Amino acid sequence: LGAGLLLSISSLTLLKLLARMPFFATLLCFMLAALAAIDAFAPRHAARCGRAAAADAPQASTRPQGEGGSLADLPPIKAAVIVPGFLTGKDEFLPLARSLTEMGIPSVVVPFPNWHWLPCLGGRSMRPMLERIDLAVRHLAATAGDLDDFERIGADKLEKDLEDEMSELERRQDKPSDPQLLIPNIDYNAIDLYQDFRNNPGGVLKVGGSAVVEEYPLWVPRGRFPEAPEPQGKVALIGHSAGGWICRAYLSKRDYGGRSYGGIDLVHSLITLGSPHGNAPGPAFKGVEWVNSEVLDDDKFKALAVAGTGYMGDSSGSLTQGAYSFCCPNGSDGSSYDGDGVTPDFSALAMQNYVTNADTMVLEDVGHFRWSEVFGGDIVAPELTKEHAEGRPWYGDKPVIEKWAGWL
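Scope of this entry: the structure provided in the associated data block. Only a predicted model underlies this, so the values are computations on that prediction, with no experimental measurement involved.

Calculation criteria
Residues numbered from 1 in each chain as written. Predicted model: local features only at pLDDT ≥ 70, side-chain atom pairs only at ≥ 80, totals over all residues. Heavy atoms only, no water. Helix = DSSP H or I, 4+ residues; strand = E, 2+ residues; numbered from the N terminus. Expected span 1.5 Å × (residues − 1). Buried < 20%, exposed > 50% of the residue type's maximum accessible area, 1.4 Å probe, protein only. Polar contact = N/O pair within 3.5 Å; in protein donor to acceptor, adjacent residues only side chain to side chain. Pairing = 2+ DSSP bridges. Right-handed = clockwise from strand over helix to strand, strands pointing away. Axes fitted to C-alpha atoms, helices over the stretch in contact; angles between N-to-C directions. Contact = heavy atoms within 4.5 Å.

**Brief notes about helix α5 (residues 127-141)**
Then, number 1: Compared with an ideal rise of 1.5 Å per residue, which puts 15 residues at 21 Å, α5 spans 21 Å between its outermost C-alpha atoms and is within 8% of the ideal.
Then, number 2: Counted residue by residue, α5 has 14 buried out of 15 residues, so it is predominantly covered.

In structure tokens form, the structure reads like this:
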């Protein structure tokens, strides 16, 4: 889980981590073994359902693959979609969403578990994640003027689409007032995971022939994504760690691996929390280079890059020093940098170079993640976990949220 905060780790970095972290190595081997088992099962499954090639097509994303054409001007609404960082998922960020909702900013998390990141390992295409972001943004944007009445909307939505959640809420005698209930889940299974893991282009292995985004072959991620009603307003995006630069790819109207998302038409603001925005060597940063090759200049859009500091590269553990070195453009060992424990401050603030009039915010003594509250944190990042357990805050603690969320 915590290993995902290494961003899209390179093969060399991965090997070093496996040598130092038996738990992570065991977990990765287990996942690869599961994929191998699916590999043996998938052809037989496809044969029973028809030819594999024919079976693939109808099960791919069926939402419009447009060219990012502009929508009519939509009013901004005070609501946000949270995009988890690499190898983290909805569950890790629900507390942040609830805190923002309590502060008067109805917020939801893109609905996927952390294992949905597996096809993106090694710096490969982020289209699987972009599809998920698009689903959450469109469904939240469609609710626009109704977000003040969660109880009524939640009850309607639960009755139609979320019967299991309604039963659970009734058992707990809670009111269905959580805006997360407005966002449908994605239908995605082990066969879909196998196909995406096998075919998602780019990365250190140059799947599809190249690690360069502009040279990705046309490919549609697997999964069934419920269509949203017409959007009624624009929402905010909040991207944590790698989720921040991926949000910028979503905003772009350029073609990314076969689809132009044009999320700028549905988003009025972007906040990134400890996101690596600076260019750096290696396939893992090809996507960052792609978003940085375009300056986003839109007078109706605003952005805020938030960086945490207080975790020096030479005194916060091997994960911190390695992550800082990973984000460095000139081959430094990372020891001299300051940051949040995973992303150095210079990289987290670099968005201001690529988004016109982007604001920046530096938060002193703020860490990257809630390490001590998740399984495996003490194994992946023992020093950072100890610091967090002793009370050092992260971006999602309420006193810290108040500092950056007030910008919205």
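**Thoughts on the environment of Asp378**
Then, number 1: Mapped onto the secondary structure, Asp378 falls in helix α13 (residues 377-380).
Then, number 2: Separated by 11 residues in the primary sequence, Asp378 and Ala389 have C-alpha atoms spaced 10.0 Å apart.

**Here's the deal with the side chain of Arg127**
Then, number 1: Tracing the sequence through the fold places Arg127 in helix α5.
Then, number 2: Here Gly257 takes part through its backbone oxygen, which lies 3.1 Å from a polar atom of the side chain of Arg127.

**Regarding the pairing of strand β4 (residues 267-273)**
Then, number 1: The element β4 is extensively covered by neighbouring structure, given that 7 of its 7 residues are classed as buried.
Then, number 2: As paired elements, strand β3 (residues 234-240) and β4 share 6 bridges and run parallel to each other. Note that in β4 the partner of Val235 across the bridge is Val267.
Then, number 3: Crossover handedness for the path β3 to helix α9 (residues 242-251) to β4: right-handed.
Then, number 4: For β4 and strand β5 (residues 302-308), the ladder comprises 5 bridges, and the chain directions are parallel. Considered in β5, the bridge of Ile271 is made with Leu304.
Then, number 5: For the crossover from β4 across helix α10 (residues 286-292) to β5, the handedness is right-handed.

**Looking at the sheet that holds β3**
Then, number 1: If you trace the 6 strands from one edge of the open sheet to the other, you get β2-β1-β3-β4-β5-β6, paired in parallel fashion. Each of the sheet's edge strands pairs with one partner strand only, and the pair in question is β2 (107-109) and β6 (359-363). On average, adjacent strands in this sheet sit at an angle of 20° to one another, irrespective of strand direction.
Then, number 2: Helix α4 (residues 90-102) rests against β1 (76-83), β2 and β3 of the sheet, and its axis sits at about 175° to β2.

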